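Understanding the architecture of this molecule
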Amino acid sequence: MLYRHLGKPIFFKMDPEKAHHLVISGLNKSDLVPGGNSAMRLMYGVPETADLAVDLFGQHFPTPVGLAAGLDKNAEAVGGFSSIGFGFMEVGTVTPKGQPGNDSPRLFRLLPDEALINRMGFNNEGADAMARRLKALGKRRIPVAVNIGRNKTTPNESAHEDYRQCIRTLYRYGDFFVVNISSPNTPDLRSLQHGSELSNLLAQVKEEMELQHKQSGISKSLLVKIAPDVSDGELEYMVHTIADAGMDGVIATNTTLSREGLKSDKAGETGGLSGKPLRDRSTEIISRIYRQTGGKLPIIGSGGIFTGQDAYDKIRAGASLVEIYTALIYEGPEVNRRVHAGLRKLLRQDGFSHILEAVGADHH
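Residues numbered from 1 in each chain as written. Predicted model: local features only at pLDDT ≥ 70, side-chain atom pairs only at ≥ 80, totals over all residues. Heavy atoms only, no water.

Test applied: UniProt positions are given in the numbering used here, feature names are shortened, and annotations may be inferred rather than shown by experiment.
As annotated in an unreviewed UniProt entry, the chain carries the name Dihydroorotate dehydrogenase (quinone) and comes from Paenibacillus helianthi. The Sequence similarities (unreviewed entry) comment attached to the chain in UniProt states, word for word, "Belongs to the dihydroorotate dehydrogenase family. Type 2 subfamily."

Quick look at the UniProt feature "active site" (unreviewed entry) in the chain
Operational definition: Only runs of H or I of at least four residues qualify as helices and only runs of E of at least two qualify as strands under DSSP, and these elements are numbered from the N terminus. Exposure is judged per residue with a 1.4 Å probe applied to protein chains only, and the accessible area is read against the type maximum: over 50% gives exposed, under 20% gives buried, and values in between give partly exposed. In what follows, residue pairs with any heavy atoms lying within 4.5 Å of each other are defined as contacts.
Look at the UniProt record and you will see "active site" (unreviewed entry) annotated at Ser183. Mapping Ser183 onto the fold places it in the loop between β10 (176–180) and α7 (195–216). Look at Ser183 and you get buried, because its relative accessible area is 7%. Excluding its chain neighbours within four sequence positions, the residues that come into contact with Ser183 are Phe122, Leu189, Arg190 and Asn254.

Details of the sheet that holds strand β14 (residues 299–302)
What counts, and what does not: Here, any two strands with at least 2 DSSP bridges between them count as paired. Lines are fitted to the C-alpha atoms to define the axes, a helix being fitted only along its stretch in contact, and any angle between axes, read from their N-to-C directions, falls within 0 to 180 degrees.
Pairing is parallel in the closed barrel, where eight strands are placed in the order β3-β4-β9-β10-β11-β12-β14-β15. The mean angle between the axes of side-by-side strands here comes to 25 degrees, regardless of whether they run parallel or antiparallel. Bridging between strand β9 (residues 144–148) and β10 involves four bridges; their strand directions are parallel. Its bridge partner lying in β10, Ile148 is registered against Val179. With respect to the sheet, helix α8 (residues 232–244) is in contact with β11 (221–226) and β12 (249–252), its orientation differing from that of β11 by roughly 170 degrees.

Description of the packing of α8 against helix α9 (residues 279–293)
So the rule is basically this: Here roughly perpendicular refers to angles of 65 to 115 degrees, roughly parallel to angles under 35, roughly antiparallel to angles over 145, and oblique to all remaining angles. Left-handed describes a crossing whose near helix is turned anticlockwise from the far helix by less than a right angle; the clockwise case is right-handed.
At a closest axis distance of 10 Å, the pairing of α8 and α9 adopts a crossing angle of 55 degrees. By the criterion of interaxial angle, the relationship of α8 to α9 is oblique. Read as a crossing pair, α8 and α9 show a hand that is right-handed. Mapping the contact onto sequence places Asp232, Leu235, Glu236, Val239 and His240 in α8 and Ile285, Arg288, Ile289, Gln292 and Thr293 in α9.

Some words on the packing of α7 against α8
Here is the rule: Ten residue types, Ala, Val, Leu, Ile, Met, Phe, Trp, Tyr, Cys and Pro, are classed as nonpolar, four, Asp, Glu, Lys and Arg, as charged, and the remainder, Gly among them, as polar.
Relative to each other, α7 and α8 sit at 25 degrees, their axes nearing to 10 Å. By the angle between their directions, the pair α7 and α8 is classed as roughly parallel. Both α7 and α8 take part in a crossing whose hand is right-handed. For the pair formed by α7 and α8, the contact residues are Gly195, Ser196, Leu198, Ser199 and Leu202 on the first element and Tyr237, Met238, Thr241 and Ile242 on the second. Tallied by class, the residues present in the contact of α7 with α8 amount to five nonpolar, four polar and no charged.

Here we look at the nonpolar core
Taken as a class, soluble globular proteins show a tendency for nonpolar side chains to be buried jointly. The criterion, for reference: Nine residue types can take part in a nonpolar core, namely buried Ala, Val, Leu, Ile, Met, Phe, Trp, Tyr and Cys, and a core is a set of them joined through side-chain atoms within 4.5 Å.
With 95 residues, the main nonpolar core has Phe81, Tyr163, Ile226 and Ile289 as its most contacted residues. Among all residues touching Ile226, those that are not within four sequence positions of it are Ser182, Gln193, Leu235, Met238, Ile242, Val250, Ile251, Ala252, Thr253, Asn254, Ile285 and Ile289. Counting seven residues, the second largest nonpolar core, distinct from the first, contains Phe108, Ala115, Ile117 and Leu262.

Looking at the packing of aromatic side chains
We apply this condition: The aromatic pairing rule takes the rings of Phe, Tyr and Trp, using the six-membered ring of Trp, and pairs them if the centres are within 6.5 Å, calling planes under 30 degrees apart stacked, those over 60 edge-to-face and the rest tilted. Should the NZ of a Lys or the CZ of an Arg lie within 6 Å of a ring centre and within 35 degrees of the ring normal, that charge is described as sitting over the ring.
Within the structure shown, the criterion is met by seven aromatic pairs. Grouped by ring-pair contacts, the aromatic residues Phe57, Phe61, Phe88 and Phe176 constitute a single cluster. Of note, Lys220 hangs over the ring of Tyr171, and the distance from its end group to the ring centre comes to 5.1 Å. The cationic tip of Lys276 hangs over the ring face of Phe306; the distance from NZ or CZ to the ring centre is 4.9 Å.

So, the side chain of Asp162
Note the threshold: The positive count covers Lys and Arg only, the negative count covers Asp and Glu only, and His and the chain ends enter neither. The term salt bridge refers to a side-chain nitrogen of Lys or Arg lying within 4 Å of a carboxyl oxygen of Asp or Glu.
Here Asp162 is to be found in helix α6 (residues 159–170). Nearest to the buried, unbridged Asp162 among oppositely charged side chains is Arg150, at 6.5 Å. Residues within four places of Asp162 in sequence aside, it is in contact with Pro96, Gly149, Arg150, Asn151 and Thr154.

Quick look at helix α5 (residues 127–137)
Inspection of α5 places Ala127, Ala129, Met130, Ala131 and Leu134 among the buried residues, and these make up the whole buried set. Turning to α5, the residues buried within the fold contact α4 (78–81), β4 (88–94), β8 (124–126), β9 and α6. Looking one or two residues beyond α5, the residue adopting positive phi is Gly138, at roughly 70 degrees.

Quick notes on the pairing of β11
As a reminder, the rule being used: A crossover gets the label right-handed when its path from the first strand over the helix to the second runs clockwise, viewed with the strands pointing away from the viewer.
Of all six residues making up β11, six are buried, and the element is well covered by its neighbours. In β11, alternate side chains face the same way, and those of Ser221, Leu223 and Lys225 on one face and Leu222, Val224 and Ile226 on the other are all buried. Relative to β11, β10 is paired through five bridges, and the arrangement is parallel. Paired with Asn180 across the two strands is Lys225, which belongs to β11. With respect to chirality, the unit in which β10 leads through α7 into the neighbouring parallel β11 is right-handed.

Okay, here's the thing in structure tokens:
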């Protein structure tokens, strides 16, 4: 209740991006204050339990709920986010070279819809800066996925070079990697999801991952993050290509361009929409992927998760892990404990002893 009654009223009077930077700065400082992260774990941590811990992608996830990419773009607050109940997190999206992103204002709260619109545009300090931070962290409490993208000025025909460079720079420091080809805020990026561009790109990044594996002796998983704004035919093609390329999993989904049913006066802002309005569409995409692949391509579900029921719906649809983003902004760090408590209750109600038993249950 601390966030809802004290933190949220303060943050929501501020410009959304300024509030975002304040949160990142605060979580970053928790690393520097003696006992800071321990205090955070005491207030907001989620104890690992046998029924919710998951082993996947060569990693141990103490809980199945992670933090989606976009909040910690530069890996500045890994220690802080690791202390408030997440079982894993994505950092990024990171590009080979640092870039400022799109002009401000570029982040908007849609209060009546419990949603956000962002058109940040991959603002980040670049792969070298992230590598330095992750190296300095050393051992981490939870798996950290590195979400990689291309620079705004890089044409799509050269995009594979940017993704490969990110992998080369960060391979030693990420626990697994996510190819972001689905942000709506980088011109033409989403066209990489379709046709021969997708198969060519995935072949290139897969080759780089294998090269780094040989050089380091350590194998790491590679996932692809997809958009919700696709037709049934486009989704089927994407999933087929992703599976054929030997990817280890898919994240469904990124933000949406849809504005259907919104009440907020900010609905006309351009950019990607996240939060509750995305919940049902992302769950539908998860269900379609699971059916098409027979459950053989692991899925991380993302989009509109605010409650244990929201997370459970995605798991029953076919997700093995889930991510939140917008719920953290609206509900604060207490949301993790509520989601986990809800998940455990729903598992027991359905007679499951472990969360993986519930994955894809709607299809069986």
